[in-house]
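Architecture at a glance
Listed here are the chains, written in short residue letters.
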Amino acid sequence: MLAMDTTPDPTPLSHDPAPVRSQSDLLRLWQALMGELGFTRTSTWVLHIGDDDRPTRRLLEIDDCAGEPVRDDLDSLTTMLLRVGGTPPGRWVFLRSRPGRHGPDDIDRAWARELGRACRRAGVASDVVHLATDQRLVPLPADDLPATGLPASA
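So, a few notes on the structure that sits alongside this text. (Residues numbered from 1 in each chain as written. Predicted model: local features only at pLDDT ≥ 70, side-chain atom pairs only at ≥ 80, totals over all residues. Heavy atoms only, no water.)

Overview of the pairing of strand β2 (residues 43-49)
Most of β2 sits inside the fold, with seven of its seven residues counted as buried. Of the pairings in the sheet, the one linking β2 to strand β4 (residues 91-97) comprises seven bridges and is antiparallel in character. Across the sheet, L47 pairs through a bridge with V93, a residue of β4. Across five bridges, β2 lies against strand β3 (residues 55-63) in antiparallel orientation. Considered in β3, the bridge of V46 is made with L60. The loop that links β2 with its antiparallel partner β3 comprises five residues; one of these, D53, has a positive phi angle of about 70 degrees. (Buried < 20%, exposed > 50% of the residue type's maximum accessible area, 1.4 Å probe, protein only. Helix = DSSP H or I, 4+ residues; strand = E, 2+ residues; numbered from the N terminus. Pairing = 2+ DSSP bridges.)

Set out below in structure tokens:
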């Protein structure tokens, strides 16, 4: 089961954040939020981008994301996003952070693919998932991801 960090505003956003209208804008936003790279655990970060393309203060860190994603857990996540944000215009964006120097691996790709699928099942708008490691922060584009599915629980 995914564990959520309930710390209020774990990474405060500026009062007037720049709009996120392109992949480059989203990459810059994640770079600003993550700061200096280097991680001691694996997490999934979730941020709401409002209908004005500006990040809202709804930033969550989800712990315990080191293994394969579990469909039921991701469906619970999207249900929670709908509960927290209602069905607001805008979209949710995700970043997977983990220790290590290697580039995207099969588990990173599985998280990106399955987060996208969970959002589609729930009718939650989302964007390209990003990966932050100890050395780099990169997008995980959907067209690079294998199309295999996950079992209902892993």
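Concerning the nonpolar core
Ranked by internal contacts, the top residues of the largest apolar core, which has 18 residues, are V46, L77, L81, W92, F94, L115 and V129. Broken down by secondary-structure element, the contributors of at least two residues to this core are α2 (71-85), β4, α3 (106-122) and β5 (129-132). Among the elements that take part in this core, α3 stands out by supplying five residues, more than any other. In terms of nonpolar packing, the next biggest core, distinct from the first, is built from 15 residues, L26, L33, M34 and L95 among them. (Core = buried A, V, L, I, M, F, W, Y, C linked by side-chain atoms within 4.5 Å.)

Overview of the pattern of salt bridges
By the definition in use, this model includes 12 salt bridges. When the shortest N-O distance is used, the salt bridge between R113 and E114 registers 3.2 Å. Overall, R113 belongs to the buried group, its relative accessible area being 11%. With a closest N to O distance of 2.9 Å, E114 and R117 form a salt bridge. Taken as a pair, E114 and R117 lie in helix α3 at a separation of three residues, close to a single helical turn. What makes R117 partly exposed here is its relative accessible area of 22%. Three or more residues joined by partner-sharing salt bridges are found here, namely R21, D53, R91 and D127. (Salt bridge = Lys/Arg side-chain N within 4 Å of Asp/Glu carboxyl O.)

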